Amino acid sequence: MTTPHPNHDRGLEFDLSTLLSRRRSLGVLFGAGAAAALSACTPGTGGGSASPSSTASATATMAESTTTAASPSASPTSTVTRAFAECGVEIPEETLGPYPGDGSNGPNVLEASGVVRRDITSSFGSSATKAEGVPLTVTLTLLDNANGCAPLAGAAVYVWHCDQDGKYSLYDSGLENENYLRGVQESDANGQLTFSTIYPGAYNGRWPHIHFEVFESMSNTTAAGQVLAVSQIALTETACKEVYATSGYESSARNFPNTTLTSDNVFGDDGGIYQLATSSGSVAGGYTAALNVTV
């Protein structure tokens, strides 16, 4: 497996206007009373913006917490409350990597009808191949830093990641005609969107991760300046160890110990403190991974 190049092109040009006709929803702004209520609901916050050190501590604590059952999706109320309290540090910009599938490095899955979907486990179009693995529900909460950390409604997010063997659809040998584990969603009034997928594998040179891009809207992503963020989600060590001990993840179990968060070529500069997902779940019931994304 080729190790992703840390300085790969971050550019993206594609057209989602042929896929959806919906216009961007109006942004939802918190009033002063709502902001105060949210702050009061979250212990240890003083005004809707956490310092980097306190955010890092809270993120690390939440990320290592696990439960015995995974909920279908994060609660909008609790997640938005926590997101507001943690807002203030914009998501770090990262590389697209060599396997974006957006036309900037070979194939462009975003030109295909069917890419806008919540469940990304199967290929669409000419193939219906399904990626096998432990179920994972990914929830992102988008926050607009320029507007007082209001939920960012109507934004478009494209996510993609490797399969349980650490291979990418559209690129790796034998997967050139597959496009699973790739999809686009629009954020709701709470700034949230959710993908149903499988737990990514581990390959040499990288900590387990999920790529994502945030665009201003579903219908305006080809215009210059519409890319709001390019980043990656770091998955938690505890969940990775549990998943990689199961059947089907044998290669990931071998590769995972070879790279740490601090030695990873993407997360290593700060240990992924602003990209480390909060995680819960079990192998039997599936896992959840949630991340607050301030743009």
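Bear in mind that the values here come from a model prediction, so they are computed numbers and not experimental data.

Peer 1: In this structure, what is going on with the overall build of the protein? I would like to understand it.
Peer 2: Scanning the protein from terminus to terminus reveals five helices and nine strands. Listed N to C, the secondary structure of the protein is α-α-α-β-β-β-β-β-β-β-α-α-β-β in terms of helices and strands. For the protein, buried positions account for 54% of its 295 residues. Considering only contacts within the protein whose residues lie at least 6 apart along the sequence, 79% involve residues at least 24 apart.

Peer 1: I tried to follow the packing of aromatic side chains on my own but got confused; where do I start?
Peer 2: Under the definition given, this model contains nine aromatic pairs. Measuring from centroid to centroid gives 4.7 Å for Y158 and W160, while their planes differ by 25 degrees, and the two rings are stacked. Here Y158 and W160 have matching classes, each one buried. Consider the rings of Y244 and Y249, whose centres lie 5.7 Å apart with planes at 35 degrees: the pair is tilted. Here the two residues Y244 and Y249 agree in accessibility, since each one is buried.

Peer 1: Help me understand the sheet that holds strand β3 (residues 156-160), please; the structure alone is not making it clear to me.
Peer 2: Sheets are built from strands that pair by backbone hydrogen bonding, the pairs being arranged parallel or antiparallel. Within the open sheet, the four strands sit side by side as β4-β3-β6-β7. Their pairing is antiparallel. The open sheet is flanked by β4 (182-186) and β7 (227-234), the only strands paired with a single partner. In this sheet, adjacent strand axes meet at a mean angle of 20 degrees when their direction is disregarded. Sheet topology places β3 next to strand β6 (residues 209-215); five bridges connect them, and they run antiparallel. Opposite W160, over in β6, you have H211 as the bridge partner.

Peer 1: Just checking my understanding: could you explain the nonpolar core for this structure?
Peer 2: Where a protein is soluble and globular, its nonpolar side chains tend to be buried together. The biggest cluster of nonpolar side chains holds 44 residues, and the ones touching the most others in it are L140, L142, Y199, F212, I233 and V293. Taken together, the elements giving at least two residues each to this core come down to β1 (135-144), β3, β5 (192-198), β6, β7, α4 (237-244) and β9 (286-294). Once you skip the residues sitting within four places of it in the chain, I233 turns out to touch V138, L140, P208, H209, I210, F212, F267, Q275, A277 and L291. Core analysis: the second largest hydrophobic core is formed by 18 residues, L110, Y158, L170 and M218 among them.

Peer 1: I'm lost on the environment of A290 in this one. Help?
Peer 2: Mapped onto the elements of the fold, A290 is located in strand β9. On the basis of relative accessibility, which here comes to 13%, the residue A290 falls in the buried class. Through-space distance from the C-alpha of A290 to that of A277 is 5.2 Å; in sequence the pair is 13 residues apart.

Peer 1: Can you walk me through unusual backbone geometry in this structure?
Peer 2: With the exception of glycine, most residues fall at negative phi, and the peptide bonds are largely trans. Positive phi outside glycine occurs at L170, with the angle close to 80 degrees. Taking relative accessible area as the criterion, L170 reaches 15% and is therefore assigned buried.

Peer 1: For this particular structure, what's the right way to read the pairing of β9?
Peer 2: In summary, the side chains of a regular strand alternate between the two faces of the sheet. With respect to burial, β9 is a largely interior element, nine of its nine residues being buried. Side-chain alternation along β9 places G286, T288, A290, N292 and T294 on one buried face and Y287, A289, L291 and V293 on a second face that is also buried. Across eight bridges, the pairing between β1 and β9 is parallel. The residue bridging T137 from the neighbouring strand is T288, located in β9. Two elements, strand β8 (residues 278-282) and β9, share five bridges in a ladder whose sense is antiparallel. Directly across from S282, in β9, lies its bridge partner G286. In textbook terms, the turn of a hairpin is the stretch between consecutive antiparallel strands, and for β8 and β9 this stretch comprises three residues.

Peer 1: Looking at this model, I keep getting lost on the pattern of salt bridges. Mind explaining?
Peer 2: Note that side chains of opposite charge can pair when their charged atoms are close. Under the defined criterion, the tally for this structure stands at two salt bridges. Residue D264 pairs with R206 through a salt bridge whose shortest N-O separation is 2.7 Å. Remark: R206 occurs in the loop between β5 and β6 and D264 occurs in the loop between α5 (250-255) and β8; sequence separation between them is 58 residues. Relative accessible area serves as the criterion here: at 3%, D264 is assigned to the buried category. One salt bridge in this structure joins K241 and E237, with 3.1 Å as the shortest N-O distance. With a gap of four residues between them, K241 and E237 both fall in helix α4, about one helical turn apart.

What counts and how
- Residues numbered from 1 in each chain as written.
- Predicted model: local features only at pLDDT ≥ 70, side-chain atom pairs only at ≥ 80, totals over all residues.
- Heavy atoms only, no water.
- Helix = DSSP H or I, 4+ residues; strand = E, 2+ residues; numbered from the N terminus.
- Buried < 20%, exposed > 50% of the residue type's maximum accessible area, 1.4 Å probe, protein only.
- Contact = heavy atoms within 4.5 Å.
- Phe/Tyr/Trp six-rings, centres within 6.5 Å; stacked < 30°, edge-to-face > 60°.
- Pairing = 2+ DSSP bridges.
- Axes fitted to C-alpha atoms, helices over the stretch in contact; angles between N-to-C directions.
- Core = buried A, V, L, I, M, F, W, Y, C linked by side-chain atoms within 4.5 Å.
- Salt bridge = Lys/Arg side-chain N within 4 Å of Asp/Glu carboxyl O.

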